[in-house]
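Geometric and topological summary
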Amino acid sequence: MVKRAAGMLAISAVLCGIVAAQAPEPVLQDTGSAQENSVSQQLIPTDEPVAFTMPEQAVGIVYGAGLQSVFVPASDYGQVFPYAAKIVGWKDDGTAVYRYALADAAGELVTDAVYNDAQRLDCGDSFAWLLTDTEGRLFCVAQDGSWAIGPVAGEITAQDDTIFVHRADGVLTDVYNLEGKNMGAVHGSVTSCTDGVIVSKEETEEGTIWYVSDGTNVALLAQQQAVRIGPFSDGYAAIQISDTQWGFIDTSGEITQVEAAWLDDVCEGYALAQDQTGAYGIVHVSGEVVEDFVYTDGTLCGEEHPLYQLWQEDESVVISATNGQKLDLPENLGCQSLNGLPDDYFSYVDSEEECTVIFDDLKSVALESYAIFYQQDDYLIAMQKDSYQIFDLKDGKAGRSIAYRYIAPQTSAGLDETVFTIADTKTGLQGIGNTQGRMVLHPVYDSISSVGGSYYMAIQDGWSGIVDSRGRWIVRTQLSGVAEEGAE
C-alpha cells in the first residue's frame, strides 16, 4: 500500500518472523517489541491546534528510533481500531494500566502505543475514536481513518451528527461535521444540539449569555441573557429568564412567557410544569395549559413522545399531551414510576411475581426476573443478575433467558450495534453475543469488546489485538512491559 513507508515494511517483516515461532495459528499480522534502527520520516503537529483532513495522496505512517508516532489520516486504511498494545503499570485492584495503539483493517500498525485512553465517540449513525495521549491531549479520529482532529487541550464532545471542540483557554467552540470539516464556531460552550439547533452559553460579568445557532451552517439565530435555555424540540425550548420568570423561546429568539414556577424541557411542543403552589400540570409552547395544575408529582415517561405520568395521592395516570388520552395502566402498578422504553413501551416491577413487566396499550410481557434495559438496534436487552433476555420491539416478544452475563457497552455508539459483550458466570471469560440470541464468539477471552465493522478488541492469554467475527487475529501484540514512572 502506498500509505506505508519503507521503514514500516521492514518492521512488519521482522515482527512476523519473531511472532511466528511463538503464537498459534491463525494469525494474519503480529507485532512485538522489535525496534527499527532507521528513521524514514517524522511528522509532528505544530504548536497550533489543527484539524487534519484526508490528503489527496495516501500518506504513510512514520517511525523514528526512540520517538513516538503520530497518526496521519489516509484514504486506504479501511477502518482503524485502537487496542491495548502495552502494559505500563498496575492499579491497586490488580488490573493493568495499558497504552493503546491504532491498527487498520489490513492488520498493519498505524501508530505506536502512545495513547492512555481510547473511547468510541457516538456521532449520529456513525462514530469516531476519542483518544488521549500521554500528555493529556485529545484527538478525534474518523472510524475509517480519513480525518483526525487534534491535538486539543480541552474537550471534544459529540451530539447528534456534530462534533464540538472546546479548547481550555478558548471562548469559542469549533463545530465539525462527520467528514471532519470545520463548519465554523459558536460562542461559549455547547449545552445541547437537538432538532438541528445548537444551544451554547458564555459567562460574562453581566450574567450568562445564551446563543441559539443553526446546526447546519452554524449561523447565529438568536442570543438572550437568561438563567438557562434547554434543548430544542420542534423549534422550541424552555427558557428560565430569571429566578421567577419562565417561558418558551423559538429559534428566532421570540419568547412566550407562561405563569409557571418551573418548566421541564420541551418534548414535541409540550412541557411538564409546576405552578407557584408546587402542583404539576402540562403546558403547550403557546402558553396554553393542556392539563390542569392538580397533581402532586409528575415526570416525562415517554422516550419519543410527550407521554407524562402524573400522580394524585396514591394513584397515577399516564397522559398523552398531544390528544389528552389516558393510558390503561396495570392494576398492580401501584404508585411506581414507569420506566419509559422505546416505541412507547413501559416497564415496571411486579413485586408479587418478582419480575419486570414490559407493556404498552395493547399487551404486557412478564420477563423471568428483575431486569435493567439497554436498547441495541431494534431490540431491548433485559440485563438480569446472571443472564439476559432479548425483547423484540417490532413484534413485542421476549426471547428465552440466556445464561451469560450481559455487559453493557460503555458508550452510546456501542448501543447502536447488534452485538455486545457477554461473560461466562463461572469462568468470567468474555465473548460476543448478538441481538438474535446467537453466540458470535464463545467466551474464551480475558476481555473483548466491539470496535465496529465486525471487529473486536480482545485480550487473551497475554496477547492483545483485534479479532474478526470468526475469531481470527487481525493484529496481535504480546503484552509485556514494566511500570512507567508515574503510572497509576
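One can find the structure itself at the top, above this paragraph.
Here goes a summary of the coordinates provided.

Notes on the overall build of the protein
Scanning the protein from terminus to terminus reveals one helix and 43 strands. For the protein, with 488 residues in total, the buried portion stands at 49%. When contacts within the protein are restricted to residue pairs at least 6 apart in sequence, those whose partners lie at least 24 apart make up 36%. Of the roughly 23200 Å² of accessible surface on the protein, 46% is carried by carbon and sulfur atoms.

Comments concerning the sheet that holds strand 37 (residues 419–423)
Read across the sheet, four strands follow the order 36-37-38-39 without closing on themselves; strand pairing throughout is antiparallel. Since the sheet does not close on itself, it has two edges, and those belong to strand 36 (405–407) and strand 39 (439–445), each with one partner. Looking at each pair of strands side by side, their axes are set apart by 35 degrees on average, direction ignored. Sheet analysis places strand 38 (residues 430–434) next to strand 39, joined by three bridges and oriented antiparallel. Bridge pairing in strand 39 places Ile-432 opposite Leu-441.

Some thoughts on the environment of Ser-450
Summarising the element assignment, Ser-450 is placed in strand 40 (residues 447–452). With a relative accessible area of 14%, Ser-450 lands in the buried category. Setting aside its immediate chain neighbours within four residues, Ser-450 contacts Arg-120, Glu-417, Val-419, Tyr-455 and Tyr-456. In this structure the side chain of Ser-450 is engaged in a polar contact, spanning 3.1 Å, whose partner is the backbone nitrogen of Gly-452.

Observations regarding unusual backbone geometry
It is generally the case that most residues other than glycine have a negative phi and that most peptide bonds are trans. With an omega of 5 degrees, the peptide bond between Gly-150 and Pro-151 qualifies as cis. Positive phi outside glycine occurs at Asp-160, with the angle close to 55 degrees. What makes Asp-160 partly exposed here is its relative accessible area of 45%. Of note, the phi angle at Asp-344 is positive, near 60 degrees, even though the residue is not glycine. Among the secondary structure elements, Asp-344 is positioned in the loop between strand 28 (339–341) and strand 29 (345–350).

Digging into the nonpolar core
One recurring pattern in soluble globular proteins is that nonpolar side chains are buried together. Counting 33 residues, the largest nonpolar core has Phe-71, Tyr-83, Tyr-115, Leu-131 and Ile-466 as the members making the most contacts within it. Of all the secondary structure elements, the ones that give two or more residues to this core are strand 3 (80–90), strand 4 (96–104), strand 5 (115–123), strand 6 (126–133), strand 7 (138–142), strand 41 (455–460) and strand 43 (473–478). With six residues, strand 3 is the single largest residue contributor to this core. Residues in contact with Ile-466, not counting those within four places in the same chain, are Phe-81, Pro-82, Tyr-83, Val-451, Tyr-455, Tyr-456, Met-457, Arg-472, Trp-473, Ile-474 and Val-475.

Quick word on the packing of aromatic side chains
Per the stated rule, a full pass over the model turns up 13 aromatic pairs. Here the aromatic cluster, defined as three or more aromatic residues joined through ring pairs, consists of Tyr-374, Tyr-388, Tyr-406 and Phe-420. A cation over an aromatic ring shows up here: Arg-120 above the ring of Phe-127, its NZ or CZ 4.1 Å from the ring centre.

A look at the side chain of Asp-133
Positionally, Asp-133 belongs in strand 6. Engagement of the side chain of Asp-133 in a polar contact is seen with the backbone nitrogen of Glu-135, the distance being 2.9 Å. Dropping the residues within four chain positions of it, Asp-133 is found in contact with Val-114, Tyr-115, Asn-116 and Phe-139.

Regarding the pattern of salt bridges
Following the criterion strictly, the structure yields eight salt bridges and no others. Close ionic contact of Arg-137 with Asp-133 constitutes a salt bridge, the shortest N to O distance being 2.8 Å. Close ionic contact of Lys-394 with Asp-378 constitutes a salt bridge, the shortest N to O distance being 3.4 Å. With Lys-394 in the loop between strand 34 (388–392) and strand 35 (397–398) and Asp-378 in the loop between strand 32 (372–376) and strand 33 (379–383), this pair connects stretches of sequence that are 16 residues apart.

Considering the pairing of strand 33
For strand 33, a buried count of four out of five residues is recorded, marking the element as mostly surrounded by other parts of the structure. Where strand 32 and strand 33 come together, five bridges link them in antiparallel fashion. Paired with Tyr-374 across the two strands is Ile-381, which belongs to strand 33. Hairpin geometry of strand 32 and strand 33 is characterised by an intervening segment of two residues between the two adjacent antiparallel strands and by a positive phi of about 60 degrees at Asp-377. In textbook terms, the turn of a hairpin is the stretch between consecutive antiparallel strands, and for strand 33 and strand 34 this stretch comprises four residues.

Thresholds applied
Residues numbered from 1 in each chain as written. Predicted model: local features only at pLDDT ≥ 70, side-chain atom pairs only at ≥ 80, totals over all residues. Heavy atoms only, no water. Helix = DSSP H or I, 4+ residues; strand = E, 2+ residues; numbered from the N terminus. Buried < 20%, exposed > 50% of the residue type's maximum accessible area, 1.4 Å probe, protein only. Contact = heavy atoms within 4.5 Å. Areas by Shrake-Rupley, 256 points an atom, 1.4 Å probe, with all protein chains shown as cover. Pairing = 2+ DSSP bridges. Axes fitted to C-alpha atoms, helices over the stretch in contact; angles between N-to-C directions. Polar contact = N/O pair within 3.5 Å; in protein donor to acceptor, adjacent residues only side chain to side chain. Core = buried A, V, L, I, M, F, W, Y, C linked by side-chain atoms within 4.5 Å. Phe/Tyr/Trp six-rings, centres within 6.5 Å; stacked < 30°, edge-to-face > 60°. Lys NZ or Arg CZ within 6 Å of the ring centre and 35° of its normal. Salt bridge = Lys/Arg side-chain N within 4 Å of Asp/Glu carboxyl O.

Read these as geometric descriptors, not functional statements.
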